[in-house]
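So you can see what is in the structure, the chains are spelled out below.
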Amino acid sequence: MTENKSMGLWSATSIGVGAMVGAGIFSIFGTATQISGNAVYISFIIAGAIALLITYSYAKLGVRYPSAGGPVEFLIQGFGDGIISGGLNLLLWTGYIFGLVLYAKGFALYAMTFMPAGSTAIWSNIFATVIIIIFTAINFIGAKAVGRSELFIVSIKVGILLLFAISGLFFIQPVNLSIAQFPTTPNILFGAGIVFLAYQGFGLITNTAEDMDDPGKTLPRALYLSVLIVICIYVLVSFAVIGNLSMSEISTAKDYALAAAAKPYLGDIGFRIMAIAAIFSTSSAINASLYGGANVSYLIAKEGELPEFFERKVWNRSTEGLLITSGLVILCTNLLNLEGIGMLASASLLVIYMAVNLSHLRLSDETGAKRYLIYASLFSSLIFFGILIYYELLHSVATLIVFAVALIFCFIVEWTYKKYSRRTLKTRTICDEANL
């Protein structure tokens, strides 16, 4: 059987870059800078290095088990159909929910910049709630044009960020970058834990393996290249922001730091352009995450099998999944603060990444991977996770409790549902490398 497989290196790389760049950095940059100070760019480099290590397992597993399931596929291959893989899939769904909350809040905070000065803070929650409702309706009805325009959307938001970053380099005030103003090393590491969320999305490249002519070469290259490109973009953006704003100015404008940083050298027009870019990026991320992540995770949790075709009509099979996901996002949006949400989303992702590495250790003979690299990825993720937990113990025990409850709840729900539903987790994969 001959298939037309047209997914090349740069097409696959653009998917990863588009998934990582945008909403994450707009939503958490101000919060990360409050922790890491003018060394925030080092936090981005550290987080990027961890992401590069994790891509090794995704590359090896993605080539061996090409599937639209991504990490869900890898977990089932390694752990089988059991409470562990099922509970982790629910945690992945929970992570998407926290990510959606972060994007909704990011949208709201930038939308607030267009409100009259002194507007009540309640508008932030209103904007966040309304944008979730809007995209819930769009996903419920179906919007075919969104998928076709994704490359165009990615090009615009990446282009605006690069224009902002490169232009800002010419107006940097060196005193703002002084090493003497660096925070303590723990703070830089704590900040890295928060900004790690901005690298979420590289794993989506593994979903395209079936469409590549030579996934054995193209998939790993696309994964590593996309993360390296994103590290460069984030470091440039960091220099542009901290080079043009003092720490006190960033603290004042922490909710819309990127837009505020454009104002000194691009004026009010620059501020508005960056605010619009943020609204554009967060909206796009909400739409993509609401469907692309939460939808599939919910379907697997409920039915145990990925849909044969990745189409919007799958919501017709489980419309309650869309409503449950959106309802939980709206609830968390109105109850949790931005920093807490960032930690919850990052911690959930790190647990999934650690589990994928553990699964890979079981499958290393099949993937031909170097076990020492898998161990390096596993232990670095574990250390990173420990750093986040330690930070929350010092600053927000309540956030840590929420995460613990969510983690335990995922496995309790999986155990209960599996016991009474007779559901079995299935995969859709091509295991014979000759078919690749």
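Because the structure is a prediction, the values reported are computed rather than measured.

1. Details of the overall build of the chain
What the chain contains, in helices and strands, is 16 helices and zero strands. Counting only carbon and sulfur atoms, one obtains 66% of the accessible surface of the chain, whose full area is about 17,900 Å².

2. So, the packing of aromatic side chains
Tallying each qualifying case throughout the model produces 20 aromatic pairs. On the basis of an interplanar angle of 35° and a centroid distance of 6.1 Å, the ring pair of phenylalanine 190 and tyrosine 390 is categorised as tilted. Within this pair, whereas phenylalanine 190 is found in helix H9 (residues 185–195), its partner tyrosine 390 is found in helix H15 (residues 371–395), the two being separated by 200 residues in sequence. On the basis of relative accessibility, which here comes to 7%, the residue phenylalanine 190 falls in the buried class. In this structure an aromatic cluster arises from ring pairing among Tyr58, Phe74, Phe196, Phe202, Tyr353 and Phe384. One residue, lysine 263, lies across the ring of phenylalanine 271, its end atom 5.8 Å from the ring centre. The ring of phenylalanine 114 has arginine 272 sitting right over it, with the charged end atom 4.8 Å from the ring centre.

3. Thoughts on the pattern of salt bridges
Where side chains of opposite charge bring their charged atoms close, a pairing between them can arise. For the structure shown, the criterion picks out one salt bridge. Close ionic contact of lysine 263 with aspartate 268 constitutes a salt bridge, the shortest N to O distance being 3.4 Å.

4. Topic: the side chain of threonine 31
Mapping threonine 31 onto the fold places it in helix H2 (residues 23–36). Owing to a relative accessible area of 8%, threonine 31 belongs among the buried residues under this scheme.

5. Observations concerning the confidence of the model for the chain
Residues at a pLDDT of 70 or more form 82% of the chain, whose mean pLDDT is 81. Put simply, helix H7 (residues 144–148) is where the chain has its lowest mean pLDDT, 41, and helix H3 (residues 40–64) is where it has its highest, 93. Scored below 50 in pLDDT, residues 143–149 makes four contacts in the model with residues more than four places away or belonging to other chains. Confidence drops under pLDDT 50 across residues 306–317; counting only partners more than four residues distant or on other chains, this segment forms 32 contacts.

6. Section: the nonpolar core
Phe164, Tyr234 and Leu258 are the most contacted members of the largest nonpolar core, which has 127 residues in total. Looking at this core, the element that brings in the most residues is helix H5 (residues 83–111), giving 18 residues. Every residue in contact with phenylalanine 164, bar those within four places of it in the chain, is listed here: Val237, Ala240, Val241, Leu258, Ala261, Ala262, Tyr265 and Met274.

7. Looking at the side chain of serine 57
Topologically, serine 57 is positioned in helix H3. Residue serine 57 is classed as buried on the basis of its relative accessible area, which comes to 1%. In this view, serine 57 contacts Gly62, Val356, Asn357, His360 and Ile374; residues no more than four positions away in its chain are not counted.

8. Brief notes about a nonpolar patch on the surface
A surface patch of nonpolar side chains, amounting to about 850 Å² of accessible area, comprises Tyr390, Leu393, Leu394, Val397, Ile401, Val405, Phe409, Val413 and Tyr417. Mapped onto the nonpolar patch, the elements with two or more residues apiece are H15 and helix H16 (397–421). If one sorts the elements of the nonpolar patch by residue count, H16 sits on top with six residues.

9. Details of the packing of H15 against H16
Orientation of H15 relative to H16, taken along the N-to-C sense of each, is 130°, at an axis distance of 6 Å. Viewed along their axes, H15 and H16 adopt a mutual orientation that is oblique. Taking contact as the criterion, the partners of Phe385, Ile389, Glu392, Leu393 and His395 in H15 are, on H16, Val397, Thr399, Leu400 and Phe403.

Reading guide: rules and limits
Residues numbered from 1 in each chain as written. Predicted model: local features only at pLDDT ≥ 70, side-chain atom pairs only at ≥ 80, totals over all residues. Heavy atoms only, no water. Helix = DSSP H or I, 4+ residues; strand = E, 2+ residues; numbered from the N terminus. Areas by Shrake-Rupley, 256 points an atom, 1.4 Å probe, with all protein chains shown as cover. Phe/Tyr/Trp six-rings, centres within 6.5 Å; stacked < 30°, edge-to-face > 60°. Buried < 20%, exposed > 50% of the residue type's maximum accessible area, 1.4 Å probe, protein only. Lys NZ or Arg CZ within 6 Å of the ring centre and 35° of its normal. Salt bridge = Lys/Arg side-chain N within 4 Å of Asp/Glu carboxyl O. pLDDT = per-residue confidence, 0-100. Contact = heavy atoms within 4.5 Å. Core = buried A, V, L, I, M, F, W, Y, C linked by side-chain atoms within 4.5 Å. Patch = residues over 30% accessible without salt bridge, like charges linked within 9 Å, V, L, I, M, F, W, Y side chains within 5 Å. Axes fitted to C-alpha atoms, helices over the stretch in contact; angles between N-to-C directions. Parallel < 35°, antiparallel > 145°, perpendicular 65-115°, else oblique.

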